[in-house]
Every structure is written in structure tokens, then in C-alpha cells.
Amino acid sequence: MASHRPSASRESTINSNHSSTSSQFIPTTCERSTVTKATVIIVGSGIGGLTLAALLERAGIEYQVFERAKEVRPLGSALSIGPNVFYLFKQLGILDEILSHAKPFGFSTGYNLQRQATRTLDYSPTEKIGGYFPHIISRPILVSILLRLVPANKISYSKKILQVKREDEHVIIKCSDNSEYQSDILVGADGAYSSVRQNLYKMLNTKGKLPKSDNVDLPFNSVCLVGQTTPLDPEVFTHLKDSHTWFETMVSTDRPYAWITFTSKQNTICWMMIQNLDEVSSKANDSFRNSEWGPEAAEAMCKDVREFPVARNSMTMGDLIDKTPKDLISKVMLEEKLFDTWHGDRIVLLGDGAVSAMQDAVTLANCLYELPQYPSTAEINKAFKHYQNERYPFAKNAYDTSHRLAGVVGTSWYNHAFRTVMKWMPKSLFTKSLVVMYSYRPQASFLKYIPDKGQIKPAPQPSLERARARARGDHAKANKARAV
């Protein structure tokens, strides 16, 4: 049976401003002199898994990533990122690189099928709220940047997880190639419909510990076709010349489709086609639930949406599809559930969705960094509870905000009414939703703190405050010892 070998503890010091009293002391980092020797397996090398791996690498915590695919594939369209993750990127030393590949946006525009602008959402207050404009970045570029933060030997590919089990004080995973690995902690970062989640829920359900709210099939209300064109000629597609992203949405009036396009820094157009499912079409997509992102599942949907118009150059979705490499078009299921169960039996889960997964990763890394050198199961469970208690309220806010914004591109009578009402909605109401979205700006407790530039104070981050309280206590003890 293979297992991880814990690395030697890393010696570190607490940076201080040499204040005369502990009450005035504000630590710029909260590193510990000894780091936990608990080992971690991360299942999934998506954005959440890679972010957690990069953080554990910096924290000196031993880990290994297991990915079911043969390699990290550059699939996906574009992501909206902003100050809710930019301070973390700054801590990791990648913010400047990310911004060099991203385009800011201050608004999104909705169009009717005659390509006439009918509504605008103003995102510009985000800069005052959190210190930065939101940006659009190609998902493959973000993944490639995160991937470089993780040593190549720390990712094992072609490792599809079939079984998870507990044995004494360890968690064991069994892969499809009959290999087995053990660690002290297992992190499921393999999406909402993940093998780790399924195995955890099965274990908890057997013990009667799985709540009824989570003992149901994961509902999928929509499927999403995503892709990104090859670089286009800005002389032909003149809106590519603009320094900001054009974030544009359209909705069908008679079919259950909505689509979104984004311009990128690389002169590409990233696009998403969303099909809202009813009971019949949802069942028709059941066979797709367990499949991976890839071009095979996308072909039929590509044919079905070719005639839909896009806002620019009198083009259709078919034109964008034709300008997109087939192996970079993929179809994904969009889940519609906020789970109540995040951990159990030394197993813990990251959420789905890029920004939420990154925020989960930094909070979980902070909580793992608090562990003693040789933690008991009770101490690990306590860390997991801290993680869920900190993240759940913000995950709930993100889930609710996402549902409200989904009203802009939904296709039911309610969504059409919602878009009509939005034309007259006071700007202040949407600004309030931006405050909710961007007030939580977490940072890693063990990396140098980045001063926040936002005018709205960051939401409380208990894991960071606990680390600071510990650092202040250590500082007071050191002052007392020097006085003696």
C-alpha cells in the first residue's frame, strides 16, 4: 500500500512591527515554528484542487493530488474573478500575471434577438467595494497559472477513484488501476457530482449520520456548452480593441436557451450556451452526469444552437462554434444545490464553482495549518467544523446571489418579467448584491497579509483572526521572556 511520507517541519518566524505592547501588535504573517505532519490527499486538479495544493505547498503541509484525467486539459470558456480572490492571488505572487491575461469589465449588456441592447448591469461599484474591478480571464489560462505553483511530481494522473474507506487513523482511496493510497486527510475537490462526495455520503448514510437534505439525487436544472474561439482579427471584430471586456447576454423567446459571450485579452471570444431543462430533458441528460468534460458530448448540442444570433458582426452561434477548435468545446451539467454536509470521517469537501472553490481552499488551508503536529480524529473534525462554519454563510450568499442573477438569463415567464422589472430597478439594489458578492476577501493566515484597498471593510474571516490571536499571544510571551 502506498502512502505519503511527511516532510520535515519547516522552521519559520513571526514577522512583527516591534510594537511595544501586544495589544498594538498586528502580525503581517502568522507562520508557526512547527507545521502539522498530517498528510493530505486532494482528489481533483480543477481550480479548487490546484489552489489548495498551491497553498499547502507554501504552508509546508505534505499532500498529493490525484486526477482522473490523463492530463490537465485546457477546457472551458471564461471566468469572472475579482477582489474576492485577488488578495489571495497577490499572496501567492500571481496577481500581476493574472491581470496581464485578463480584461476588466464594469458592466454587462443584454440584447434581444434583433441585437438591440435592452438592459445593462453596472458592475463598476466593485472597484470601490473591494479595490479592484472584476475581470474576465480565460479558464485555461487561469488553470495553467495555478498549475505552475504545484510541483509536477505532486500530481498523479489517470487516477479515477473507485472506493474510499477508513482504516484506523487513515483514509484509503482505491483507484481504477487497482492502486491504493492512504493519508490522514482526504479532500474532495472533484466537483459537485464527485466520487469522494458519493463515497462520503454512503459512509455517513450507513451510520445514519447523513441528513435527509443531502440524501437525494443531485438536481441538474441546466446544461452548459462552453468554448473559446481562436484569436480573431480586431480589424474585423473591432470590439476586441476595447480595453474592457464586452460581457453580452441573449435569451431565446421560444426555446429554453440563453447564451453569453465575453471578449478576452487574447482577442478571442469566450462563449457559453445554457439550456434550461424540464423534467423530460433532464432525464434525457442523465447518462451525461458521470461523464467528463469533452467534445463528444457537445456535438449534438452544437448542431441544435447554430442559428441563434450573437450581438456583434451579424454573426450566429454557429459562426463562433466554427471558429472554436472542436477539442476545446465541452458540455457540462450545472448543479443546483447547496449541500449541508461538508465533512465526516477525516474527509472534507470543496465546493464547486471557481471562485467559491478558491475561497473554500484558502479557508480550509488556514484550518489545516492550525492542526497540531500529530492531530487526532477529534482535532481534525474540529478543524473541519471551523472550515464549514466560516464558509457556509458566504456559500449560501453566493448561491442565493447566483440564483438571482440567473434570472437575467432564464427562459420562463418569470425570467422575462424579471428582466422587464430590472430596466427600472434602482442601481442601489444591484450595488447591494455586489457588496454581498465581494465583501468576503479571504487571505491565507500563513502568508504575508496584503493590505485591503476596498472602501467596504472585508467580511470577518475567523480562521485569519484565530491565527492573529495566536501570533499576538506568542508575541506577548516573547516580550515577557525578554523582560525577564
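Residues numbered from 1 in each chain as written. Predicted model: local features only at pLDDT ≥ 70, side-chain atom pairs only at ≥ 80, totals over all residues. Heavy atoms only, no water.

### Here's the deal with the overall build of the chain
When you go through the chain residue by residue, the secondary structure sums to 14 helices and 20 strands. Every one of the 484 residues in the chain was classed for burial, and the buried ones make up 52%. Taking as baseline every contact in the chain between residues at least 6 positions apart, the subset at least 24 positions apart corresponds to 74%. For the chain, the exposed area adds up to about 21700 Å²; of that, 52% sits on carbon and sulfur atoms. (Helix = DSSP H or I, 4+ residues; strand = E, 2+ residues; numbered from the N terminus. Buried < 20%, exposed > 50% of the residue type's maximum accessible area, 1.4 Å probe, protein only. Contact = heavy atoms within 4.5 Å. Areas by Shrake-Rupley, 256 points an atom, 1.4 Å probe, with all protein chains shown as cover.)

### Focus on the pattern of salt bridges
What the rule picks out here adds up to 14 salt bridges. Among the salt bridges present, the one from E370 reaches R466, with a minimum N-O distance of 2.8 Å. Residue E370 is found in the loop between α10 (354-369) and α11 (377-406), and its partner R466 is found in helix α14 (residues 462-483); the two are separated by 96 residues along the sequence. Salt bridges here are not isolated pairs; linked through shared partners, they connect R166, K207 and D345. (Salt bridge = Lys/Arg side-chain N within 4 Å of Asp/Glu carboxyl O.)

### Focus: the packing of helix α1 (residues 47-59) against α10
Two elements in contact, α1 and α10, have axes separated by 8 Å at closest approach and are oriented at 30 degrees. In terms of axis orientation, α1 runs roughly parallel to α10. Taken as a pair, α1 and α10 cross one another with a handedness that is right-handed. For the pair α1 and α10, contact is made by I47, G48, T51, L52, L55, L56 and A59 and by A354, A357, M358, A361, V362, L364, A365, L368 and Y369, respectively. The residue inventory of the contact of α1 with α10, partitioned by class, reads 14 nonpolar, two polar and no charged. (Axes fitted to C-alpha atoms, helices over the stretch in contact; angles between N-to-C directions. Parallel < 35°, antiparallel > 145°, perpendicular 65-115°, else oblique. Left-handed = near helix turned anticlockwise from the far one by under 90°. Nonpolar A, V, L, I, M, F, W, Y, C, P; charged D, E, K, R; others polar.)

### Quick look at the side chain of Q443
Inspection of the secondary structure puts Q443 in the loop between α13 (427-438) and α14. Here I450 takes part through its backbone oxygen, which lies 2.8 Å from a polar atom of the side chain of Q443. Once you skip the residues sitting within four places of it in the chain, Q443 turns out to touch Y87, Q91, V362, N366, K448, Y449, I450 and Q461. (Polar contact = N/O pair within 3.5 Å; in protein donor to acceptor, adjacent residues only side chain to side chain.)

### Examining α1
Compared with an ideal rise of 1.5 Å per residue, which puts 13 residues at 18 Å, α1 spans 18 Å between its outermost C-alpha atoms and is within 8% of the ideal. G60 sits one or two positions beyond α1 and adopts a positive phi of about 80 degrees. (Expected span 1.5 Å × (residues − 1).)

### Description of the sheet that holds strand β19 (residues 343-344)
An order of β9-β3-β2-β13-β20-β19 is seen for the six strands of this open sheet, with the pairing classed as mixed. Of all strands in the sheet, those with a lone pairing partner are β9 (155-156) and β19, marking the two edges. Two elements, β19 and strand β20 (residues 347-349), share two bridges in a ladder whose sense is antiparallel. Bridge pairing links G344 to I347 in β20. Of the strands in this sheet, β2 (40-43), β13 (185-188), β19 and β20 touch helix α6 (residues 195-206), which is tilted by about 130 degrees from β20. (Pairing = 2+ DSSP bridges.)

### Considerations on the packing of α1 against helix α2 (residues 83-92)
At a minimum axis distance of 11 Å, the contact between α1 and α2 shows a crossing angle of 45 degrees. In terms of axis orientation, α1 runs oblique to α2. Judged by the twist between their axes, the crossing of α1 over α2 is left-handed. Contact residues: α1 offers T51, L55 and R58, while α2 offers L88, Q91 and L92.

### Description of unusual backbone geometry
Unusually for a residue other than glycine, R115 sits at a positive phi of about 65 degrees. A positive phi angle, near 55 degrees, is found at S158, a position not held by glycine. As for its placement among the helices and strands, S158 is situated in the loop between β9 and β10 (161-167). For S158, a relative accessible area of 36% corresponds to the partly exposed category.

### A short note on the nonpolar core
By size, the foremost hydrophobic cluster in this structure holds 63 residues, and its most contacted members are I42, L55 and F89. With 10 residues, the top contributor of residues to this core is α10. If sequence neighbours within four positions are ignored, I42 has contacts with G49, L52, A53, L56, Y63, Q64, V65, F66, V187 and A189. Listed in part, the 27 residues of the second largest apolar core include L225, L240, W271 and C302. (Core = buried A, V, L, I, M, F, W, Y, C linked by side-chain atoms within 4.5 Å.)

### Digging into the sheet that holds strand β8 (residues 135-138)
Strand order in the open sheet formed by three strands is β4-β8-β5, and the pairing between neighbours is antiparallel. The open sheet terminates on both sides in strands that have one partner only, identified here as β4 (78-81) and β5 (103-104). As paired strands, β4 and β8 are joined by four bridges and run antiparallel to one another. Note that in β8 the partner of S80 across the bridge is I136. On the sheet, helix α5 (residues 139-147) packs against β4 and β8 and is oriented at approximately 75 degrees with respect to β8.

### Regarding the pairing of strand β16 (residues 257-263)
With seven of seven residues buried, β16 lies mostly within the body of the structure. Both faces of β16 are covered, namely the face carrying Y257, W259, T261 and T263 and the face carrying A258, I260 and F262. By the bridge criterion, five bridges tie strand β15 (residues 247-251) to β16 in an arrangement that is antiparallel. Directly across from F247, in β16, lies its bridge partner F262. In this antiparallel pair of consecutive strands, β15 and β16, the connection spans five residues. Both β16 and strand β17 (residues 269-276) contribute to a ladder of seven bridges, which runs antiparallel. In the strand pairing of β17, W259 is matched with M273. Where β16 folds back onto β17 in an antiparallel hairpin, the turn is made up of five residues, including N267, whose phi is positive at roughly 65 degrees.

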